[in-house]
Amino acid sequence: MKLNRSLRLGAGLAALAIVATACGGNEERSVSSSAESGNLIVGIKYDQPGLGLRNPDGTFTGFDVEVAKYVAEQLGVSEDNIEFREAPSAQRETLIENGEVDYVVATYSITDARKERVSFAGPYFVAGQSLLVSSDNTDITGPDSLEGKRLCSVTGSTPAQNIADEFPNVQLQPFDTYSACVESLRNGAIDAVTTDDIILAGYAAQYPGELKVVGEPFTTENYGIGLALEDTEGRNQINDAIEEMVASGAWEQAFNDTVGDSGYPLPAEPTVDRY
């Protein structure tokens, strides 16, 4: 009886190992192997004007989208063979770890905590956290004027964590998406939205005369392209693509075509970190 139970237990553990291997993305998926197959799955935001936006006709536009497409082209994959998948802030690591995407280009700040779970190429852009308020708001001028105010950010985001850590007296209300935060700001349910300045500039441009970005940026956010933790080859290939995009002028052109109309100034070109 003991032997039979041991055999059954061993068979069960073996079956679980097979399932885990089949479901675990990091062993099965890498950027280079996917590119060699001629197809890539890329995680982006769907609700960020100027950066990653899903249009009513099903197409995608924004600076992150252009970066994602340029990287894919450098990897030998045409735009038509990219499948874009939504990558909400709180799900980005999980999407990568589960092998559901090859890489993520979604205003994804590089942090030490995230580098324990995923790898990053880049940065391909450097932003800074700021505040979005109604155009007639004169009370909020920066993070030091937020005490007692109702502030919205996104669950799982770096900006939300920054506020929780540095400004505990603020009434932080985390939502699933920034677009939901913006709608709450527009209807008066909250007083301000916080995330990176380039994201906020896109929303201000979407609602001209109604919303404005206030104060100076109070953090530095290095946007990276997230991919599987052990995919060193893929990280090097993406870093090469980012450097080529900057050197060729395609990076500046993509910025001007997608973000330029918001009035957000062209920042300094990023320098890739070959860690």
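Since the model is a prediction, treat every value here as computed from it, not as a measurement.

Cut-offs used in this document
- Residues numbered from 1 in each chain as written.
- Predicted model: local features only at pLDDT ≥ 70, side-chain atom pairs only at ≥ 80, totals over all residues.
- Heavy atoms only, no water.
- Helix = DSSP H or I, 4+ residues; strand = E, 2+ residues; numbered from the N terminus.
- Buried < 20%, exposed > 50% of the residue type's maximum accessible area, 1.4 Å probe, protein only.
- Contact = heavy atoms within 4.5 Å.
- Areas by Shrake-Rupley, 256 points an atom, 1.4 Å probe, with all protein chains shown as cover.
- Pairing = 2+ DSSP bridges.

Overview of the overall build of the protein
Part 1 of the reasoning: When you go through the protein residue by residue, the secondary structure sums to 10 helices and 13 strands.
Part 2 of the reasoning: When the 275 residues of the protein are sorted by exposure, 47% land in the buried category.
Part 3 of the reasoning: Considering only contacts within the protein whose residues lie at least 6 apart along the sequence, 70% involve residues at least 24 apart.
Part 4 of the reasoning: Carbon and sulfur atoms form 48% of the exposed surface of the protein, whose accessible area is close to 12,800 Å².

Things to note about helix H8 (residues 197-206)
Part 1 of the reasoning: Counting buried positions along H8 yields eight of 10 residues, so the element is predominantly enclosed.
Part 2 of the reasoning: All buried positions along H8 are accounted for by Asp197, Ile198, Ile199, Leu200, Ala201, Gly202, Tyr203 and Ala204.

Some thoughts on the sheet that holds strand E2 (residues 47-48)
Part 1 of the reasoning: Strand order in the open sheet formed by three strands is E2-E3-E4, with antiparallel pairing between adjacent strands. Each end of this open sheet is capped by a strand with a single partner; those strands are E2 and strand E4 (60-61).
Part 2 of the reasoning: In this sheet, strand E3 (residues 52-54) lies alongside E2 in antiparallel orientation, the contact comprising two bridges. Bridge pairing in E3 links Asp47 to Leu53.

Things to note about the environment of Glu252
Part 1 of the reasoning: For Glu252, the location among the structural elements is in helix H10 (residues 250-258).
Part 2 of the reasoning: For Glu252, a relative accessible area of 34% puts it in the partly exposed group.
Part 3 of the reasoning: A C-alpha to C-alpha distance of 9.3 Å links Glu252 and Pro267, two positions 15 residues apart in sequence.

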